[in-house]
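So the chains spell out like this:
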Amino acid sequence: QVQLVESGGGLVQPGGSLRLSCAASGSIFRIYNMGWYRQAPGKQRELVATITSGGSTNYADSVKGRFTISRDNAKNTVYLQMYRLKPEDTAVYYCNAEIATMLRPGDAYFYWGQGTQVTVSS
């Protein structure tokens, strides 16, 4: 019933920047934690960054200082601003959100976006 739609992925040169967006829609009662994960070929999906409904953030060590996660609660949207991108950042990036629906407002579930490709290459 809830869907997460991502945008902003693409090809960028090393040292460049990119901004990812993820908008949640559907029968939403409340969104709690939101985050970004990524998966490179042959590797496990890993946490990139998370943000609580109150704005508290956490980052993976590999991206700390280069990436910034933010959210717009009025738009049910989470963003990932990426600076000084490296080839090692190449992966499929997935949006994640913990959401309580109108159907069952007392119970939250995790939802995932479809994933968007980020390629960092010269």
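Structure's up top.
It should be emphasised that the depicted structure is a prediction, and the values quoted were computed from it without experimental measurement. (Residues numbered from 1 in each chain as written. Predicted model: local features only at pLDDT ≥ 70, side-chain atom pairs only at ≥ 80, totals over all residues. Heavy atoms only, no water.)

**A closer look at the overall build of the protein**
Scanning the protein for helices and strands turns up zero helices and 11 strands. Relative to the globule expectation of 14 Å for 122 residues, the C-alpha radius of gyration of the protein, 14 Å, shows essentially globular dimensions. Over its C-alpha atoms, taken along the principal directions, the protein stretches across nearly 50 × 25 × 25 Å. Considering only contacts within the protein whose residues lie at least 6 apart along the sequence, 56% involve residues at least 24 apart. For the protein, the accessible surface area stands at approximately 6,600 Å², while carbon and sulfur atoms represent 48% of it. Both charge centroids of the protein, one from 12 positive and one from 8 negative side chains, sit 3 Å from each other. (Helix = DSSP H or I, 4+ residues; strand = E, 2+ residues; numbered from the N terminus. Rg over C-alpha atoms; globule rule 2.2 N^0.38 Å. Contact = heavy atoms within 4.5 Å. Areas by Shrake-Rupley, 256 points an atom, 1.4 Å probe, with all protein chains shown as cover. Lys, Arg positive; Asp, Glu negative; His and termini not counted. Charge placed at Lys NZ, Arg CZ, Asp CG, Glu CD.)

**A few points about unusual backbone geometry**
In most cases, non-glycine residues show a negative phi, while peptide bonds are predominantly trans. Within the chain, Asn-76 stands out as a residue other than glycine whose phi angle is a positive 50°. Residue placement: Asn-76 occurs in the loop between strand E7 (67–72) and strand E8 (77–82). Take Asn-76: its relative accessible area is 24%, and that puts it in the partly exposed class. Positive phi is not limited to glycine here, since Arg-84 has a value of about 50°. By the secondary structure assignment, Arg-84 is in the loop between E8 and strand E9 (91–101). Among the residues examined, Arg-84 registers a relative accessible area of 48% and is labelled partly exposed. (Buried < 20%, exposed > 50% of the residue type's maximum accessible area, 1.4 Å probe, protein only.)

**Looking at the sheet that holds strand E3 (residues 18–25)**
Here we have four strands laid out as an open sheet, ordered E1-E3-E8-E7, and antiparallel in their pairing. Here the strands that pair on one side only, and so sit at the sheet edges, are strand E1 (3–7) and E7. Direction aside, neighbouring strands of the sheet carry axes that sit 15° apart on average. (Pairing = 2+ DSSP bridges. Axes fitted to C-alpha atoms, helices over the stretch in contact; angles between N-to-C directions.)

**Considerations on the pattern of salt bridges**
Applying the stated criterion across every chain yields a total of three salt bridges. In this structure, Glu-46 and Arg-38 form a salt bridge, with 2.8 Å as the shortest nitrogen-oxygen distance. Overall, the relative accessible area of 32% leaves Glu-46 in the partly exposed class. Salt bridges sharing common partners tie together Arg-38, Glu-46, Arg-66 and Asp-89. (Salt bridge = Lys/Arg side-chain N within 4 Å of Asp/Glu carboxyl O.)

**Observations concerning the pairing of strand E5 (residues 46–51)**
Taken together, the five bridges between strand E4 (residues 28–39) and E5 define a ladder with antiparallel strand orientation. By the bridge assignment, Arg-38 is partnered in E5 with Glu-46. Between the antiparallel neighbours E4 and E5 lie six residues, among them Gly-42 with a positive phi of about 75°. Where E5 lies against strand E6 (residues 57–59), three bridges are found, and the strand directions are antiparallel. What sits directly across from Thr-50, in E6, is Asn-58. Turn length for the E5-E6 hairpin, with the two strands adjacent in sequence and antiparallel, is five residues, and the turn residue Gly-55 shows positive phi of about 100°.

Geometric descriptors of this kind do not, in isolation, establish any biological role.
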